[in-house]
Amino acid sequence: MSKVKSLYDESKVKSAYKEIEDIIGSDYITDKDFMKAAYSRNVDPAFPDRWADMIVRPETSEEISGIVKVANKYKIHMVPRGGGADLVGGSVTQSGILLDLTRINQIFEVSETDFYAVVGCGITWGILVSELQKKGLTTGVLGPGSGYSATIGGGLSNSTAGFGSTKYGLVPDICLGVEVVLPNPKGTILRTGAAANKYARPFCRYGVAPDFTGLFMGDVGTLGIKSKAFLKLSPDAPYKTRRDFMLKNDDYDLTTKLMHRLQTEIREGLTDLLVVPSVIVDLKSLVPKERAPDKKPEITGPIFQVGLEAFDERILDIYIEKAKEILKNDSRPFEWQEIDLAEPLAKDFEFNLKYAFNYFNQYISPSPPLVACTTCHKVPISHISEAKRKADEYAIKAEEKFGVGSAGMFATVIFTLPNGHCVIVGGLSGENVDEKRQASMEAWHSKIRNQVKYGGVHYWLGESISQSIVEADAYSPDFIQFFKDIKKTVDPNFLLSPKKFHLYSYEDDYTKYIVKDEE
């Protein structure tokens, strides 16, 4: 592994290092090569190694503010990092300052009466949901598919979905406000939501002032460095179950109708509704011989996974019967033991945190020879069939042009969100060798641009996806100008996460990044 050369003058970096060390102490800053190498990528090797000039680990908003002031003094860029569970280039940097925020990991307050919590944005979802579970409380959303080692700040910055999102929405939907450090020369510390009123508790989001919280939701660390989050809590329903159904046909128009009925007729009892495409069910049936049943079933269509919860066991039984009634004519009850004897039966199913953690990782964790270029995006459920048709058409062209594997796979899972839309979880795979990486990156950007143009709304943006949206010419000139104006206001030197959205400077002409090759 070779060291990546810094973009900055060595004396400037040394001076900044010494001043930051005076702020946070020598134990929480390093420029050692082995540490920079350890922080040189996120969980997936799609990007080449990129070395920061220094790794800093602040513990308070005040320390972050001090670091920001130094960065502005020397005009050194900064990139915030949570758990590093990112797949889209969001938490690494070449040169500059990498801000590891995982020391800001405290639970400052939990109000069991008023249903809110104040937590450090560096706390992991695993720690938070485990502690809340002991109190009979939940965030509703159990964190992103990247796992429990991901942080609250990362979930807010990427507007991610996870278990519970069918009922409770995306991670920002449970956010009541944030404490954030602006990347301006003053290192301004700002609170949003009810906490903007210095006399108020952080129990609600709207009403005190304009909703400045929204600026920092889904910003992938471009507008501020989030240090604390004020989160909405809910009572944790004691009765939970899951039922699976295999559709009789591979018909996404029918899939849409059934998704709509389940959301309309079960409503608050429906916590999770996932659709696993038949091609994925086939792949999941490739298990070791000792786990394989004597006879495998015919895979006729996708699997509906219906998660239900209630505060009364009798109500849960009604929800189960309702789901069966809705799906009875177009599907059959399905047990995963039909393809894998190691899976539990529906009657023995227990929703626990281990199950929620393990579920998504089987779809997004690449095998060592591959890089996983995720393209997760949202569409209205009424658009699923059209999105699949356009994705299939594009895949044929992409295979010929790039020769990258799995370009034809429409989705690994479709995850339903509230109010008639869903996340299509998918991506493409490339070979994990240096000579093939650039082709994978080009194919990745190209596929995202295609999804943008059929109306897909991406959320896990990082570098790769945020850049691709700009390249697809998705934003109007007025929107880009507004974005740049906001960026200049909070970050006049454009130091924070400069590669995301191709936001390199206020004067830069974004149109030069637009790509016309998919027309």
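Structure's up top.
These remarks concern the structure in this document. All figures in this text were calculated on a predicted structure; none of them were measured in a lab.

## Digging into the overall build of the protein
The helix and strand tally for the protein stands at 14 helices and 21 strands. What you see for the protein is a C-alpha radius of gyration of 23 Å, in line with the 24 Å of a compact globule of 519 residues. Surface summary for the protein: the accessible area is close to 22000 Å², and the carbon and sulfur share equals 52%. For the protein, the centre of its 63 positive side-chain charges and the centre of its 70 negative side-chain charges are spaced 2 Å apart.

## A few points about the nonpolar core
One finds Val-119, Trp-125, Ile-152, Leu-156, Val-423, Trp-444 and Phe-501 to be the most contacted residues of the largest nonpolar core, which totals 80 residues. Counting residues per element, this core draws most heavily on helix α12 (residues 434-453), at 5 residues. Ignoring any residue separated from it by four or fewer positions in sequence, one finds Ile-152 in contact with Val-119, Gly-120, Cys-121, Ile-123, Trp-125, Leu-128, Ala-229 and Leu-231. Ranked by size, the runner-up nonpolar core spans 32 residues in total, among them Ala-310, Leu-316, Ala-411 and Ile-414.

## Brief notes about the side chain of Asp-53
By secondary structure assignment, the location of Asp-53 is in the loop between α2 (33-38) and β2 (54-56). For the buried Asp-53, no salt bridge exists, and the shortest N-O distance to an oppositely charged side chain is 5.3 Å, to Lys-36. When near neighbours in sequence (up to four residues on either side) are disregarded, Asp-53 contacts Ser-6, Tyr-8, Val-13, Thr-30, Asp-31, Lys-36, Ser-95 and Gly-96.

## Regarding the environment of Leu-182
Among the secondary structure elements, Leu-182 is positioned in the loop between β8 (175-181) and β9 (189-191). Note on Leu-182: relative accessible area 10%, which makes it buried. C-alpha of Leu-182 to C-alpha of Val-68: the two residues are 114 residues apart in sequence and 8.1 Å apart in space. Once residues lying within four places of it in the same chain are set aside, the contact partners of Leu-182 are Val-68, Gly-187, Thr-188, Phe-216, Leu-223 and Val-490.

## A closer look at the sheet that holds strand β1 (residues 29-30)
The strand order across the open sheet built from 4 strands is β1-β2-β4-β3, with neighbouring strands paired in mixed fashion. In this open sheet, the two edge strands, each paired with only one partner strand, are β1 and β3 (78-81). Sheet contacts for helix α1 (residues 10-24): β1, β2 and β4 (97-100); angle to β2, the most-contacted strand, approximately 15°. The strands touched by helix α3 (residues 61-74) are β2, β3 and β4; relative to β4, the strand with the most contacts, the crossing angle is about 170°.

Parameters at a glance
Residues numbered from 1 in each chain as written. Predicted model: local features only at pLDDT ≥ 70, side-chain atom pairs only at ≥ 80, totals over all residues. Heavy atoms only, no water. Helix = DSSP H or I, 4+ residues; strand = E, 2+ residues; numbered from the N terminus. Rg over C-alpha atoms; globule rule 2.2 N^0.38 Å. Areas by Shrake-Rupley, 256 points an atom, 1.4 Å probe, with all protein chains shown as cover. Lys, Arg positive; Asp, Glu negative; His and termini not counted. Charge placed at Lys NZ, Arg CZ, Asp CG, Glu CD. Core = buried A, V, L, I, M, F, W, Y, C linked by side-chain atoms within 4.5 Å. Buried < 20%, exposed > 50% of the residue type's maximum accessible area, 1.4 Å probe, protein only. Contact = heavy atoms within 4.5 Å. Salt bridge = Lys/Arg side-chain N within 4 Å of Asp/Glu carboxyl O. Pairing = 2+ DSSP bridges. Axes fitted to C-alpha atoms, helices over the stretch in contact; angles between N-to-C directions.

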